[in-house]
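What follows is each chain in one-letter form.
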Amino acid sequence: MALKNLRENSYPDWYQNVVAAADMAEVSSSPGCMVIKPWGYGIWERIQRMLDEKIKETNHENCYFPLFIPLSYFQKEAEHVEGFAKEMAIVTHSRLSMEDGKLVPASPLDEPLIVRPTSETIIADSFSKWVHSYRDLPVLINQWANVVRWEMRPRLFLRTREFLWQEGHTAHATFDEAEKEAETMLNVYEDLCVNDMAMPVIKGKKPEYDKFPGAVTTYCIEAMMQDGRSLQAGTSHFLGQNFAKSADIKFINTNNEPEYAYTTSWGVSTRLIGGLIMTHADDEGMCVPPKLAPQQVIIIPIIKDKSKAAEITAYAEKLRDALKSQIFAGEKVRVRFDNRPKEAVDKMWEWTRKGAPLIVEVGAKDLEKNAVMFRNRIHINQDGWKNFEDVDVFIATVAEKLQTIQDEMLARAKARLDGNIVTDIKTAAEFEAYFANNNVYLDNGGKAPKVAFVRGKWCGDEATLDKLKEMRLTIRCIPFDQSGSEGECLLSGKKGATLDVIYARSY
RNA sequence: CGGGACGUAGUUCAGCCUGGUAGAGCGCUUGCAUGGGGUGCAAGAAGUCGGAGGUUCAAAUCCUCUCGUCCCGACCA
């Protein structure tokens, strides 16, 4: 029996159903916020660990800046102010007092504090104190933090008022070095998404109108969800000297002249988990790529005859310990022996909905044959879901099996992305016809709208943005691999457009 | 923040129109049977009906306000 809400009926309902069925998160009583439950947080911890390693490999160090940012700091960078003059949490009082039996805010602050929506301004302030000479550069730091944006329409993992992320901030002596840094970190994100999350992405930069407020260039990676909508999975900004000028990050260069530093910032958030769900989950629940799975192998004892319970338990524990000594992707295999007092069949389905890659069932028959029965989550209801194997062979090949699953998940996701980028729309008329209704299907049978990405020309004129909005589309990015050819702009119909862009509906 | 739907047991929901003893499925607890693809039978526990005010002899039900959730939109990681 699959989930109550299937993908083909209602994608949003299905999404929430997966989050609940996999027990990853739930809506909190605190409005707009989520409670990330152990399985969901475990996935986040895996993302953190893998990304943190990559961040450190590229010479960045972690540190921590305040949650509260004085309002005036926010006001320093003109574009930043405008771009971020949106819903934010503002601290205006410093205590509560009791009046008529009710708690009311008291002691107004001289200057309100903003609960950080992002930390460019407060970090730039520190950088201005740290940087005096070209010898102090580059400054390469990162922080793991929570941020708050007062979203009006929250969705678990994809958009919540408070979310967890990492934000890297760097300062450099030259334009080129900073620009290269922004690209390097975009590549780090791509590596994380592709090789660890099995979620292929398109790399590119945002059009001018869609840049981060205050950025010179915003680079991004875009992933395709199963409904054909695009999810911005990560961004990396080259900020030029904009923030350096407003925060006065100045240094003496090698020519003994004062110069403003060049800064970057880059981040990914718990939104990646939403992307992971919409990339890999199916109508039976979540599927977690082995590298990200908090538990990669689940062992469930099957005890029919209670007199054999001790024997089966001992067998399972021995198997657990042997598996734990195996190495997959440079780490010990993560194994859980699930001996909770529950029905074996319930445990099996629970872990299936959570998306643990391998579920092993051990019972009396296995003891006799010195074997195991294991299920491969991503082959559910197909050949290869249920497998029998000699226990020693299983132990010896568990890392190999996990790698195969990881590879297969990437291959599936990649096939979906590659197979659903429409490239043969060459005129504005064809383009309009293609999106004439919401019922453009990627595959047959589905009732929910699934719209492919269209890769085509854009003239770059901002007058085309109205048309875009009308069609409920967005320009996801200007991909790095430009063809350089000329053609008709799919929005304006103008000839001689040279930019290749990705048009898609988005999250 | 605009448009729509909705808040009743842990959960999914019925009951509301036409006011009069608080209901069901799943889940939970116990027992027996079962057990390698989502168990069966029996018994049991569990809700000041989102909150506040109003109408009434009487409110889950009618009225007002409020808070929250979901969907669509705008906005965004």
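Residues numbered from 1 in each chain as written. Chains lettered and ligands numbered in written order. Predicted model: local features only at pLDDT ≥ 70, side-chain atom pairs only at ≥ 80, totals over all residues. Heavy atoms only, no water.

A. Focus on the packing of helix H2 (residues 38-57) against helix H8 (residues 271-280). H8 packs onto H2 with a crossing angle of 110 degrees between their chain directions and a minimal axis gap of 10 Å. It follows that H2 is roughly perpendicular to H8 by the angle criterion. Note on element contacts: H8 touches H2 through Leu-272, Ile-273 and Leu-276, opposite Gly-40, Ile-43, Trp-44 and Ile-47. The residue makeup of the contact of H2 with H8, split by class, is six nonpolar, one polar and no charged. (Axes fitted to C-alpha atoms, helices over the stretch in contact; angles between N-to-C directions. Helix = DSSP H or I, 4+ residues; strand = E, 2+ residues; numbered from the N terminus. Parallel < 35°, antiparallel > 145°, perpendicular 65-115°, else oblique. Contact = heavy atoms within 4.5 Å. Nonpolar A, V, L, I, M, F, W, Y, C, P; charged D, E, K, R; others polar.)

B. Representation of the protein's contact with RNA strand B in the model. Near RNA strand B you find 43 residues, and of these Arg-153, Glu-343, Trp-349, Asp-366 and Trp-385 are the closest. Each atom of RNA strand B within 4 Å of the protein was assigned to sugar, phosphate or base; sugar and phosphate come to 40%. In terms of residue count, helix H10 (residues 344-354) provides more of the surface near RNA strand B than any other element does, five residues in total. Class assignment for the residues of the surface near RNA strand B results in 16 nonpolar, seven polar and 20 charged. (Near = heavy atom within 4 Å.)

C. Representation of the packing of aromatic side chains. Inspection of the entire model under this criterion finds 14 aromatic pairs. Both rings, one in Phe-163 and one in Trp-165, keep their centres 5.9 Å apart while their planes meet at 90 degrees; by these two values the pair is edge-to-face. Look at Trp-165 and you get buried, because its relative accessible area is 10%. Between the aromatic rings of Tyr-219 and Phe-480, the centroid separation amounts to 5.8 Å while the plane-to-plane angle is 65 degrees, which identifies the pairing as edge-to-face. With Tyr-219 in strand S10 (residues 217-224) and Phe-480 in the loop between strand S24 (474-479) and strand S25 (499-504), this residue pair connects regions lying 261 residues apart in the sequence. Classification of Tyr-219 by relative accessible area gives buried; the value is 5%. Here the aromatic residues Phe-65, Phe-127 and Trp-130 are joined through ring pairs into a cluster of three or more. Sitting over the face of the ring of Tyr-507, Arg-229 holds its NZ or CZ atom 4.1 Å from the ring centroid. The ring of Trp-351 carries Lys-354 above its face, with NZ or CZ at 5.6 Å from the centroid. (Phe/Tyr/Trp six-rings, centres within 6.5 Å; stacked < 30°, edge-to-face > 60°. Buried < 20%, exposed > 50% of the residue type's maximum accessible area, 1.4 Å probe, protein only. Lys NZ or Arg CZ within 6 Å of the ring centre and 35° of its normal.)

D. Spotlight on the nonpolar core. Counting residues in each nonpolar core, the largest one holds 61 residues, and the members touching the most others are Met-24, Phe-157, Leu-272, Ile-277 and Met-286. Looking at which domains feed residues into this core, each of domain 1 (22-280) and domain 2 (297-402) gives three or more. When near neighbours in sequence (up to four residues on either side) are disregarded, Met-286 contacts Val-18, Ala-22, Met-24, Leu-276, Ile-277, Ala-281, Thr-352, Arg-353, Lys-354, Gly-355 and Arg-377. If you look at the next biggest cluster of nonpolar residues, it comprises 29 residues, including Ala-198, Tyr-315, Val-360 and Leu-402. (Core = buried A, V, L, I, M, F, W, Y, C linked by side-chain atoms within 4.5 Å. Domains from an automatic or database assignment.)

E. Looking closely at the sheet that holds strand S6 (residues 102-115). Taken in spatial order, the three strands make up an open sheet running S4-S6-S5, and their pairing is antiparallel. Two strands lie at the open edges of the sheet, namely strand S4 (68-70) and strand S5 (90-99), each paired on one side alone. Pairwise comparison of adjacent strand axes, ignoring direction, gives a mean angle of 40 degrees for this sheet. Two elements, S5 and S6, share eight bridges in a ladder whose sense is antiparallel. Paired with Val-91 across the strands is Leu-113, a residue of S6. (Pairing = 2+ DSSP bridges.)

F. Highlighting the pattern of salt bridges. Summed over the entire model, instances satisfying the criterion amount to 32 salt bridges. Residue Arg-455 is joined to Asp-481 by a salt bridge in which the shortest nitrogen-to-oxygen separation is 3.4 Å. Linking Arg-455 in strand S23 (residues 453-458) with Asp-481 in the loop between S24 and S25, this pair joins segments that are 26 residues apart in sequence. Arg-455 gets classed as buried once you look at its relative accessible area, which sits at 18%. (Salt bridge = Lys/Arg side-chain N within 4 Å of Asp/Glu carboxyl O.)

G. Local environment of a nonpolar patch on the surface. Taken together, the side chains of Leu-96, Met-98 and Leu-103 define a hydrophobic patch exposed on the protein surface, amounting to about 340 Å² of accessible area. Residue position: Leu-96 is located in strand S5. (Patch = residues over 30% accessible without salt bridge, like charges linked within 9 Å, V, L, I, M, F, W, Y side chains within 5 Å. Areas by Shrake-Rupley, 256 points an atom, 1.4 Å probe, with all protein chains shown as cover.)

H. The arrangement of the confidence of the model for chain A in detail. Summing up the model confidence of chain A, the mean pLDDT is 91 and the portion of residues at 70 or higher is 96%. The low-confidence segment residues 441-447 (pLDDT under 50) makes 15 contacts with residues lying over four places distant or belonging to another chain. (pLDDT = per-residue confidence, 0-100.)

I. Local environment of the packing of helix H9 (residues 309-324) against helix H12 (residues 391-419). Between H9 and H12, the shortest axis-to-axis distance is 9 Å and the interhelical angle comes to 30 degrees. It follows from the interaxial angle that H9 and H12 lie roughly parallel. In this structure, H9 meets H12 at a crossing whose hand is right-handed. Facing H9, whose interface residues are Tyr-315, Leu-319, Ala-322 and Leu-323, H12 presents Val-391, Phe-394, Ile-395 and Val-398. The residue makeup of the contact of H9 with H12, split by class, is eight nonpolar, no polar and no charged. (Left-handed = near helix turned anticlockwise from the far one by under 90°.)

J. Here's a closer look at helix H6 (residues 175-196). Spanning 22 residues, H6 covers 31 Å between terminal C-alpha atoms, matching the ideal 32 Å at 1.5 Å per step. Of all the residues in H6, the buried ones are Ala-178, Glu-181, Ala-182, Met-185, Leu-186, Val-188, Tyr-189, Leu-192, Cys-193 and Asp-196. The buried side chains of H6 occupy one side of the element, clustering within an arc of 150 degrees when seen end-on. Projecting away from the buried face of H6 at angles above 90 degrees are the exposed residues Asp-176 and Lys-180. Just beyond H6, the residue with positive phi is Ala-198, at close to 55 degrees. (Expected span 1.5 Å × (residues − 1). Arc of directions from axis to C-beta.)

K. Just the domain arrangement of chain A, in detail. Domain annotation of chain A identifies domain 1 (22-280), domain 2 (297-402) and domain 3 (421-504). Here the C-alpha centre of domain 3 lies 29 Å away from the C-alpha centre of domain 1. Buried surface at the junction of domain 1 and domain 3, both sides included, amounts to about 1500 Å², of which 69% is carbon and sulfur. Ranking the residues of domain 1 by area buried against domain 3 places Ile-202, Tyr-209 and Met-224 at the top, with a combined share of 35%. (Buried area = accessible area lost by both parts, 1.4 Å probe.)

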